[in-house]
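Geometric and topological summary
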Amino acid sequence: MKNPVYWAVLGGMAILLMEQGLPVRSQGDSQSDNKVMDNITVRQGETVFLRCAQGDVVTHTAWLNRSSILYAGEDKWSVDPRVSLVTLNQEEFTIKIENVDMTDEGQYVCAVQTSSRPRTTSVHVLVQVPPKIINLSRDIVVNEGSNVTLMCQASGKPEPSITWKLISPSADLASDDEYLEIPSITRQRAGTYECTAVNDIDADVQTVDITVNYAPTVSEGRDVGVTLGQRGELECEADAVPVADFEWYKDDRRIFNGFEGMEFVNTASLSRLMFFNVSEGDYGNYTCVAINKLGSSNTSFLLYVVIEPTSSTLLQGPRAVQDGSGGAMGVRSHTCLLLLLVFLPFLLRF
């Protein structure tokens, strides 16, 4: 390794030139002692190569980053294992930095000592970083009518743009800002929201789920007719978040499972009240009540009797049923015939 004092002096000269500001020259200007090359843009995680032209008259050369010497000729001064020597000959002096990060961004100087005077070549390394969402709202549960604000913040270089949209269910709700404001949220706005951070390098996507609680609403009850001794069923359907609990009443009396031959089966949104052998006492009015922590709703049903056709009715066939005028005419004809039979003997005497 060369004398450390020498390299310190050479490095100090390069640093002094950096602090004073180097004149901006084109890369091919051979008349300048201090050259500024075009910026090198590299993505985070990639490898950057730093090349410096040499010459036959070069006696000493070094690569520096800010106030640190990376390489002095073939001697490595940097303790960073990502920095290594690629080429050192009369034509060029090239080093590389692997797995580039934001801390590697900045100005690099190649200081060259010739037989007559020193010269420098500087280059600015720009590190591009793909976007990364670093602060995102958590999944939330709110009551219908609440005001909701979702937040999504991201890092990256260039600075990423942020967009929000409701993806499930699909809707036209969207925002081009870090914050998504949803005033007086309704149940239709519940679902999965997607935040996307985008820059020239890549995109990062994350989601937030919003659950909206609301009181039950029940569908209108449908009356059911059942023949005595047969099976019957009443269905009650409710829409609610959280899921509703169901209660059944006959008139004002609550029905419990297994009571007087009745059973009910509940699923997430549906309750079925089942009769396995309908008796006369089962006919009447029923009420279904759906309840959750936000409220309740109810609907009414009528279980009515359906009379099966008797065997005598079936034997009479279609003639057993007549319209009103036909029946009246039959009655009048029959009455006249009876009167004629009663008074006929008296008429024959005369």
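The structure we're discussing is the one just above.
Quick caveat: nothing in here was measured; it's all calculated off a predicted structure. (Residues numbered from 1 in each chain as written. Predicted model: local features only at pLDDT ≥ 70, side-chain atom pairs only at ≥ 80, totals over all residues. Heavy atoms only, no water.)

As for the overall build of the protein
A count of helical and extended segments in the protein gives three helices and 25 strands. When the 350 residues of the protein are sorted by exposure, 35% land in the buried category. At a minimum sequence separation of 6, the contacts of the protein that also span at least 24 residues come to 63%. Accessible area of the protein: about 20800 Å², with a carbon and sulfur share of 52%. (Helix = DSSP H or I, 4+ residues; strand = E, 2+ residues; numbered from the N terminus. Buried < 20%, exposed > 50% of the residue type's maximum accessible area, 1.4 Å probe, protein only. Contact = heavy atoms within 4.5 Å. Areas by Shrake-Rupley, 256 points an atom, 1.4 Å probe, with all protein chains shown as cover.)

A closer look at the nonpolar core
Formed by 22 residues in total, the largest nonpolar core has its most connected members in Leu 234, Trp 248, Leu 273, Phe 275, Tyr 286, Phe 301 and Leu 303. Of all the elements in the fold, those that place two or more residues in this core are β18 (224-226), β19 (232-241), β20 (245-250), β22 (262-266), β23 (270-275), β24 (284-292) and β25 (295-305). Each residue touching Trp 248, except ones within four places of it in the same chain, is listed here: Leu 234, Cys 236, Arg 253, Arg 254, Ile 255, Phe 264, Ser 271, Leu 273, Thr 287, Cys 288 and Phe 301. Core analysis: the next-biggest nonpolar cluster, separate from the first, contains 20 residues, Met 37, Leu 70, Val 100 and Val 112 among them. (Core = buried A, V, L, I, M, F, W, Y, C linked by side-chain atoms within 4.5 Å.)

Some details on the sheet that holds β24
Two orientations exist for strands paired in a sheet by backbone hydrogen bonds: parallel and antiparallel. The sheet built from five strands is open, its strands ordered β18-β25-β24-β20-β21 with mixed pairing. The outermost strands of the open sheet, each flanked by one partner alone, are β18 and β21 (253-255). Averaged over all pairs of adjacent strands, the angle between strand axes in this sheet comes to 30°, irrespective of strand direction. Examined bridge by bridge, β20 and β24 share six bridges and lie antiparallel to one another. If you follow Asp 245 over to β24, its bridge partner there is Ile 291. (Pairing = 2+ DSSP bridges. Axes fitted to C-alpha atoms, helices over the stretch in contact; angles between N-to-C directions.)

Overview of the sheet that holds strand β7 (residues 83-88)
Across the sheet, which stays open at both edges, the three strands sit in the order β3-β8-β7 with antiparallel pairing between neighbours. Among the strands making up the open sheet, the edge pair consists of β3 (48-53) and β7. In this sheet, neighbouring strand axes are inclined to one another by 20° on average, regardless of whether the strands run parallel or antiparallel. The pairing of β3 with strand β8 (residues 92-97) spans six bridges and is antiparallel. Each residue of the ladder has a partner; that of Ala 53, found in β8, is Glu 92.

Some details on a nonpolar patch on the surface
Where nonpolar side chains cluster on the molecular surface, the patch consists of Leu 302, Tyr 304 and Val 306 and spans about 220 Å² of accessible area. By secondary structure assignment, the location of Val 306 is in the loop between β25 and α2 (311-316). Assessed through its relative accessible area of 32%, Val 306 is described here as partly exposed. (Patch = residues over 30% accessible without salt bridge, like charges linked within 9 Å, V, L, I, M, F, W, Y side chains within 5 Å. Salt bridge = Lys/Arg side-chain N within 4 Å of Asp/Glu carboxyl O.)

Things to note about the pairing of β19
Only one face of β19 is buried, namely the one carrying Gly 232, Leu 234, Cys 236, Ala 238 and Ala 240, since none of Glu 233, Glu 235, Glu 237, Asp 239 and Val 241 on the opposite face is buried. Across three bridges, the pairing between strand β17 (residues 203-218) and β19 is antiparallel. Within the sheet, the bridge partner assigned to Tyr 214 lies in β19 and is Val 241. Direction of pairing for β19 relative to β23: antiparallel, over a ladder of six bridges. Directly across from Glu 233, in β23, lies its bridge partner Met 274.

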